[in-house]
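Working through the structure, step by step
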Amino acid sequence: MAASEWEWDAAAKCRTVDAETLFVEGAAQNGAKALCIGCPVGTECLAHALDHRIEHGIWGGMTERERRNLLRRHPTVASWRLLLETARTEHASLARLLPAQSTVPKRKA
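Model, not experiment: these values are computed from the prediction.

**Examining the overall build of the chain**
- Looking only at helices and strands, the chain has four helices and zero strands in total.
- The order of helices and strands in the chain, counted from the N terminus, is α-α-α-α.
- Per-residue burial over the chain gives 23% buried out of 109 residues.
- Within the chain, contacts between residues separated by at least 24 positions form 56% of all contacts whose residues are at least 6 apart in sequence.
- Accessible surface for the chain amounts to roughly 8,000 Å². Of this, 57% is attributable to carbon and sulfur atoms.

**Section: helix H2 (residues 42-51)**
- The element H2 is extensively covered by neighbouring structure, given that seven of its 10 residues are classed as buried.
- What H2 keeps buried is the set Glu44, Cys45, Leu46, Ala47, His48, Ala49 and Leu50.
- Where H2 is buried, its residues meet helix H3 (64-73) and helix H4 (80-97).

**Some words on the packing of H2 against H4**
- Two elements in contact, H2 and H4, have axes separated by 8 Å at closest approach and are oriented at 155°. Classified by the interaxial angle, the pair formed by H2 and H4 is roughly antiparallel. Regarding H2 and H4, the two cross each other, and that crossing is right-handed. Packed against H2, whose contacting residues are Thr43, Glu44, Leu46, Ala47, Leu50 and Asp51, the element H4 presents Trp80, Arg81, Leu84, Glu85 and Arg88 at the interface.
- Within the contact of H2 with H4, the residues separate by chemical class into five nonpolar, one polar and five charged.

**Description of the nonpolar core**
- By size, the foremost hydrophobic cluster in this structure holds eight residues: Leu46, Ala47, Leu50, Met62, Leu70, Leu71, Val77 and Trp80.
- Of all the elements in the fold, those that place two or more residues in this core are H2 and H3.
- Looking at this core, the element that brings in the most residues is H2, giving three residues.
- Sequence-distant contacts of Leu70, that is, excluding residues within four places in its chain, are made with Leu50, Met62 and Trp80.
- Of all hydrophobic cores here, the second largest spans seven residues; its members include Ala12, Cys39, Cys45 and Trp59.

Reading the values: rules and limits
- Residues numbered from 1 in each chain as written.
- Predicted model: local features only at pLDDT ≥ 70, side-chain atom pairs only at ≥ 80, totals over all residues.
- Heavy atoms only, no water.
- Helix = DSSP H or I, 4+ residues; strand = E, 2+ residues; numbered from the N terminus.
- Buried < 20%, exposed > 50% of the residue type's maximum accessible area, 1.4 Å probe, protein only.
- Contact = heavy atoms within 4.5 Å.
- Areas by Shrake-Rupley, 256 points an atom, 1.4 Å probe, with all protein chains shown as cover.
- Axes fitted to C-alpha atoms, helices over the stretch in contact; angles between N-to-C directions.
- Parallel < 35°, antiparallel > 145°, perpendicular 65-115°, else oblique.
- Left-handed = near helix turned anticlockwise from the far one by under 90°.
- Nonpolar A, V, L, I, M, F, W, Y, C, P; charged D, E, K, R; others polar.
- Core = buried A, V, L, I, M, F, W, Y, C linked by side-chain atoms within 4.5 Å.

Structural measurements only, silent on function.
Shown next as structure tokens:
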């Protein structure tokens, strides 16, 4: 595994929590997934778990069951990292083209 493949983890929100927090079962997974909200490297984390078929723990805000379902629904994806990074770039480009929502007046009911 190349060193550059893991450079993203230094910016992860979860880097300061006990790793066991991310390897829980049942309802506790919701709390673990909440750690991922707003993480600046969530895309890289999820792509890593999908590309390497990591079976346990919360990665990029998804449980192992959610990742298995995603992999099963999209068996032809060769690189999740490429796919997710491309989607993120396209989303950011589209967001710059759309007018800001705050400029649209709200209708009264």
